[in-house]
Structures are given as C-alpha cells and as structure tokens.
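One-letter residues, chain by chain:
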Amino acid sequence: MAGGRTPKIVGTVWGLLVLNTLGSAGAKTIVPLPRSLIQMVTMGALVAAFTLALTVNLKLRIRASAYVSLLTLLLVTSVISSANLESGFGALFRCARLALFVGTLWLLSRWWDGGTTFVRHHIRMYFAVLGLVAAGLIISPGAALPDLYGGRLVGALWPLTPPQIGQYAAVIIGLTVLLLLGRRTDRKGAAVVIVPSLVLLALTHTRTATLGLVIGLTLAIGSLILTSAAARRFFTWAVVCATVAAVGFASVLQAWFLRGQSKENFSSLTGRAKVWDALLAEPRSTGETLFGMGLGDKSFGGLPIDNSWLAVYQEQGLIGVSLVAAVIIVLGGIALLRPPSLERACAIFLISYCAMASYTEAGLGDASPYLLHLALAASLLAAPAVAAATPATVAPDATPEVPRRRVPQWARRTEVS
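## Quick look at the overall build of the protein chain
And step 1. Regarding its fold elements, the protein chain presents 18 helices and two strands.
And step 2. Of all 417 residues assigned to the protein chain, the portion counted as buried reaches 45%.
And step 3. Within the protein chain, counting contacts between residues at least 6 apart in sequence, those at least 24 apart form 77% of the total.
And step 4. Element-wise, carbon and sulfur atoms account for 67% of the exposed surface of the protein chain, whose accessible area totals about 21000 Å².

The structure is reproduced here in structure tokens:
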C-alpha cells in the first residue's frame, strides 16, 4: 500500500500544509502585508497541496488511519454546527478549509509507513520558517522585538506571534534531539538546527512551548532509556545540567518565566481565566451544547480563548470535545502499545507536547500546526506496509523444471571418447 519510495513531491505537499497553517494574523511586519494577501497565500497553499497530493495519488490509494477518521468525524460535526450560520459565512469557509486539509492527509496516508521521512520534512519546513524570523530580527530588531509584545520575539517579515515561533522552535528542537539520539543525524547537523532554535525560543519568552519541550522530551527519552545507551547518557546529563541551572540561575530563570508580570496576572494565566469563566457561564441551548456555535476565530467576546478544549466546546460542542479527546487517547494508546523505537519516541514527544499546549493554546479543532504535529505522530505510529508477494503462475499440468546439473569437464571428455 505504501507504493515504494516516497515521491519528492510529497515533501512539497507537506511544506504547503505547513505554510497554510501559519495563519494570517500576528505582529506588524516591516513591510505591511494586507491580511487578504496573506489569506490568499495560505489558502492557495492548501489548494495547491490538495491538488499535488491528488496528482501524485490519482488511484486514491489510502491507508486506514484512526487519526484521520476521527478528523473526518470532527469535520462532519463542524459542518453541522456551522450550517445555522451563527458564526456567519466565515464558518462555512473554515469548514471547506478543514475539508481540504483532512482530504490532503487522507491522500498522503498512502506513504505513512512508520518511518522518519515526514519528520525530516517537518523539521526542514519549520526551520525555514524560523530562518525567516531570524532574518527579520537581523534586518529590524525593533520590529522583531516590539514593545507591544513586551519585547518578545515576533515575525517581522511574516506576521507570527511569540507563541507561534516558540511552538515551531520547541517542536523541531525536540525532534532533532531524538534523531540525534537515534543516530539518524550527526552532531554538526543537529547543532545547526538546535542552537539557533534555542536562541529564538528564549527570545519569545514562551512558557507553554518551553514546558512542552521539557515534558515532551522527558517522556520521549524515558521511553528509550531501557533500550538506548545514548538516551540514558543524555537523560543523566540533562538532569545534572537542569539541577545546576536551577541552583545557580534561579533568579534569572524566574525573571524569564514571569516576564515581568504580577503574581495576580500570572495566576490568572495572563487574563485567560476570566475569558474561560465567561465562556463557561454563557447560557446555551441543547443543540449549541452538543454541536457548538460553528467554526470561528477561536475568540469569545472579542478576546482569544487560548484553550483548545474550550475553543472546541465553543465551536463544535461536547461532541467535538469528545472527538478531540479520542484523538489524543487513541494516538497515546497506540504509542504505548508499540515496542520501544525512535519513531515511537518522536510520536510520544509530539502527542505529549500537543496535549500539554492545548491548555493555553487553541488549535486542536481546526486546521492548525497542532493537527499537523499529530498527523506526523500518526504517520510514525503507522505499521510498516508490507508489499504483497506475487505468486508465480503455474499451469495445473505443468511439470516442474528440474534444475540442470553441472557436468565436470573431465566427465565430458570421457563421454566423448
């Protein structure tokens, strides 16, 4: 079913999906980009991704995938909730976008064989995005570290917020570390990715991404400890370095973590808790409770929800929440049942990162980087495709051919004489 070697065009399709999920809202860029232009680029990337995936998979060969099946059910729920147009015609547009996104994943599932091919595509594309962020920082430090975001790093060439940049950096750092431990890359190549990504992550001051990286890597490396000496050495050194840093740089780490916020602001998760309380207190009909209000911009009362579970509850109701929970449970369960391997460790890292980030970031209910991370995890957990052997066609009455014996040269001379 895998169809042999993965075509190069599949990597292009994956890159276009990454481009689509970058979003159209963010910081002010050096050269002002109209939102309509950004949306045209991102949506054009999705249409191109679906078209290319269809072109390379004209026979519509797909692999069974519990993950994409659950996303398909989530799409159906989204269409039902958006049909009443409570969120406007934009909800139907978002449903069409989600349909193209899910359809492209179905077409790509043909090449999900439990290997690390898509991991490399993932790292390359997000590293290119971070390169664009670094270029903006070099060209205009003032625009890349604006006072509006408290001096946190933003995208100065493409509108990206600090949480987005932190997420991309954390994910590729974690995946690259695991590839290094699994000896799928060398130290020099890993350093080229990890070092600048760590610098950008530190400049974003993104707590969610940092904690997700630490927790995800801890669980992933923990799954390799019994079978990998490199994982054991790395874990030991990480614990030692973390202990030294916690003792020697406690005040610096605390200041970085608090970002100059008061304890009250920090305890309310930068004001998120107030939005969450208001959302939960909003009266709803039975239909709205079950199916939600339809796909929107992940906000409530004009303020971002910043919680995947509450955003899904707002837009796709309790049914949507159940489907998203099923995605995490199913992927996590499959990962636990797999024998220890690098691919399993990468999947555990991605699943745990997305689960942890879902508390303060939205995105699990719509086409987003988080769904793309989980799609990568699903590809890593897919069973390797076994090519079916074609038995030789033998006629019923045919007599098996007896292999000819090699006659020695001296015997041939005796027969002639």
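Back to the write-up after that little detour.
## Quick word on the nonpolar core
And step 1. Among the nonpolar cores identified, the biggest contains 98 residues, and Trp14, Tyr67 and Leu105 are the most heavily contacted of them.
And step 2. When residues of this core are assigned to their parent elements, the largest contribution, 12 residues, is made by helix H7 (residues 162-181).
And step 3. In this view, Tyr67 contacts Leu105, Val327, Leu331, Leu371, Leu374, Ala375 and Ala378; residues no more than four positions away in its chain are not counted.
And step 4. Counting eight residues, the second-largest nonpolar core is a separate cluster that includes Trp276, Leu279, Phe300 and Tyr313.

## Comments concerning the side chain of Arg344
And step 1. Note that Arg344 resides in helix H16 (residues 342-357).
And step 2. Although Arg344 is buried, it forms no salt bridge, and the closest oppositely charged side chain is Glu343 at an N-O distance of 9.8 Å.

## With respect to the side chain of Arg272
And step 1. With respect to the helices and strands, Arg272 occurs in helix H13 (residues 272-281).
And step 2. Here Asp306 takes part through its side chain, which lies 3.5 Å from a polar atom of the side chain of Arg272.
And step 3. When near neighbours in sequence (up to four residues on either side) are disregarded, Arg272 contacts Asp306, Thr360 and Glu361.

## Details of the packing of helix H15 (residues 308-337) against helix H17 (residues 369-381)
When two helices pack together, their arrangement is given by the angle between their axes and by how far apart the axes lie.
And step 1. For the pair H15 and H17, the least separation of the axes is 10 Å and the interaxial angle reads 30°. Crossing hand, H15 versus H17: left-handed. On H17, the residues touching Val327, Ile328, Leu331, Ile334 and Ala335 of H15 are Leu374, Ala378 and Leu381.
And step 2. By residue class, the composition of the contact of H15 with H17 is eight nonpolar, no polar and no charged.

## Re helix H2 (residues 35-56)
And step 1. An ideal rise of 1.5 Å per residue puts 32 Å on 22 residues; H2 measures up with 31 Å between its terminal C-alpha atoms.
And step 2. Of all the residues in H2, the buried ones are Ile38, Thr42, Met43, Ala45, Leu46, Ala49 and Ala53. Looking straight down H2, one finds its buried side chains confined to an arc of 140°; they lie on one side.
And step 3. The inward-facing, buried residues of H2 abut helix H1 (8-20) and helix H4 (89-108).

## Side note on a positive patch on the surface
And step 1. Residues Arg183, Arg187, Arg232 and Arg233 make up a contiguous surface patch of positive charge.
And step 2. Along the polypeptide, Arg233 turns up in helix H10 (residues 229-248).

## Comments concerning the environment of Met40
And step 1. Of note, Met40 is situated in helix H2.
And step 2. It is 9.8 Å that separates the C-alpha atoms of Met40 and Asn20, two residues lying 20 residues apart in sequence.

## Topic: helix H3 (residues 66-82)
And step 1. Between its first and last C-alpha atoms H3 spans 24 Å; for 17 residues at 1.5 Å apiece the expected length is 24 Å, and the two agree.
And step 2. On its buried face, H3 is in contact with H4, helix H14 (286-291), H15 and H17.

## Remarks on the packing of aromatic side chains
And step 1. By the definition in use, this model includes four aromatic pairs.
And step 2. Plain terms: the ring middles of Phe349 and Tyr353 are 6.2 Å apart, the flat faces sit at 40° to each other, and that makes the pair tilted. Here the residue Phe349 and the residue Tyr353 both occupy positions in helix H16, the gap between them amounting to four residues, near one helical turn. The two residues Phe349 and Tyr353 agree in class, both being buried.

Analysis parameters
Residues numbered from 1 in each chain as written. Predicted model: local features only at pLDDT ≥ 70, side-chain atom pairs only at ≥ 80, totals over all residues. Heavy atoms only, no water. Helix = DSSP H or I, 4+ residues; strand = E, 2+ residues; numbered from the N terminus. Buried < 20%, exposed > 50% of the residue type's maximum accessible area, 1.4 Å probe, protein only. Contact = heavy atoms within 4.5 Å. Areas by Shrake-Rupley, 256 points an atom, 1.4 Å probe, with all protein chains shown as cover. Core = buried A, V, L, I, M, F, W, Y, C linked by side-chain atoms within 4.5 Å. Lys, Arg positive; Asp, Glu negative; His and termini not counted. Salt bridge = Lys/Arg side-chain N within 4 Å of Asp/Glu carboxyl O. Polar contact = N/O pair within 3.5 Å; in protein donor to acceptor, adjacent residues only side chain to side chain. Axes fitted to C-alpha atoms, helices over the stretch in contact; angles between N-to-C directions. Left-handed = near helix turned anticlockwise from the far one by under 90°. Nonpolar A, V, L, I, M, F, W, Y, C, P; charged D, E, K, R; others polar. Expected span 1.5 Å × (residues − 1). Arc of directions from axis to C-beta. Patch = residues over 30% accessible without salt bridge, like charges linked within 9 Å, V, L, I, M, F, W, Y side chains within 5 Å. Charge placed at Lys NZ, Arg CZ, Asp CG, Glu CD. Phe/Tyr/Trp six-rings, centres within 6.5 Å; stacked < 30°, edge-to-face > 60°.

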